[in-house]
Amino acid sequence: MKIGVLALQGDFALHVKALARCGVEAVEVRKPEELEDLDGLVIPGGESTTLLKLMEEWRFVPALEKFHAAGKPMFGTCAGLILLARDVDSPRQASLGFIDIGVERNAYGRQRESFSAMGSVELDGEPHRLEMVFIRAPRIRRAGPGVTTLASHGDEPVMAREGSILVATFHPELTNDASIHRYFCALVAEGTREKAV
Ligand code: GLN
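About the criteria used
- Residues numbered from 1 in each chain as written.
- Predicted model: local features only at pLDDT ≥ 70, side-chain atom pairs only at ≥ 80, totals over all residues.
- Heavy atoms only, no water.
- Helix = DSSP H or I, 4+ residues; strand = E, 2+ residues; numbered from the N terminus.
- Polar contact = N/O pair within 3.5 Å; in protein donor to acceptor, adjacent residues only side chain to side chain.
- Contact = heavy atoms within 4.5 Å.
- Pairing = 2+ DSSP bridges.
- Axes fitted to C-alpha atoms, helices over the stretch in contact; angles between N-to-C directions.

So, the side chain of Asp 100
Thought 1: Take Asp 100: it is sitting in strand 6 (residues 99-104).
Thought 2: Side-chain polar atoms of Asp 100 contact the side chain of Arg 142, separated by 2.9 Å.

This is how it looks when you write it as structure tokens:
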């Protein structure tokens, strides 16, 4: 099983480390053709406008559409979530639209631009308390009927899944709790098993 981390900009190195800790082969991805032999992909946090520009410049969009159509799991954190969302506001921006959520960028206001908080995540039926680091984070303002909330902060969703697409508004790679990366690896493993039968 091989999982890539989009390494055009942003916080990719720590995701590679977190995935490696889960025992999978993790590689940095800089060219669309490198997606071909991957089973899953992480789109990290960073600056979504810059990431989007670089993705377009390097012709990643059709390759990512093909990856998604093949049912291969993707995990977007923060800016990565913004790129995977259907609708993006504040300001409005194009996105891949692989998950039916509407997000507002930089939505916590200046005073609370970056903060860490305890939240609760439910990955296998059991609620689990987790430290969540938010950095100029977006907020999920709308979630379609096919979207499941997996974690919340207060009463707001901060992590969600629709089919093979997983997103979080916070940065799980910045804490030592590997449960979210383990959950994503399990999702990818499920996909590879389905392909094998
Ligand atoms: N504020 C950034 C954006 O809108 C996201 C920040 C992050 O990824 N930590 O793109």
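Describing the side chain of Ser 179
Thought 1: As for its placement among the helices and strands, Ser 179 is situated in helix 5 (residues 179-196).
Thought 2: Within the structure, the side chain of Ser 179 is placed 2.6 Å from the side chain of Asp 177, a separation counted as a polar contact.
Thought 3: Those residues in contact with Ser 179 that lie beyond four places of it in its chain are Leu 123, His 128 and Leu 130.

A closer look at the sheet that holds strand 9 (residues 139-143)
Thought 1: Here three strands make up an open sheet; going across it, the order is 5-6-9 and the pairing mixed. This sheet does not close on itself; its edge strands, each paired only once, are strand 5 (85-89) and strand 9. For this sheet the average axis-to-axis angle between neighbouring strands, irrespective of direction, equals 30°.
Thought 2: Where strand 6 lies against strand 9, four bridges are found, and the strand directions are antiparallel. Across the sheet, Ile 101 pairs through a bridge with Ala 143, a residue of strand 9.

Looking at the pairing of strand 11 (residues 156-162)
Thought 1: Relative to strand 11, strand 10 (residues 148-153) is paired through five bridges, and the arrangement is antiparallel. Note that in strand 11 the partner of His 153 across the bridge is Glu 156.
Thought 2: In textbook terms, the turn of a hairpin is the stretch between consecutive antiparallel strands, and for strand 10 and strand 11 this stretch comprises two residues, one of which, Gly 154, has a positive phi near 65°.
Thought 3: Two elements, strand 11 and strand 12 (residues 165-168), share four bridges in a ladder whose sense is antiparallel. Looking at strand 12, one finds that Arg 161 is bridged to Leu 166.
Thought 4: The hairpin formed by strand 11 and strand 12 contains two residues between the paired strands, and Gly 163 there has a positive phi angle of roughly 60°.

A word on the environment of Ala 137
Thought 1: As for its position among the elements, Ala 137 is in the loop between strand 8 (127-135) and strand 9.
Thought 2: In this structure the C-alpha to C-alpha distance between Ala 137 and Thr 148, which are eleven residues apart in sequence, comes to 20 Å.
Thought 3: In contact with Ala 137, not counting residues within four places along its chain, are Cys 78, Arg 105, Asn 106, Ala 107, Tyr 108, Glu 113 and Thr 169.

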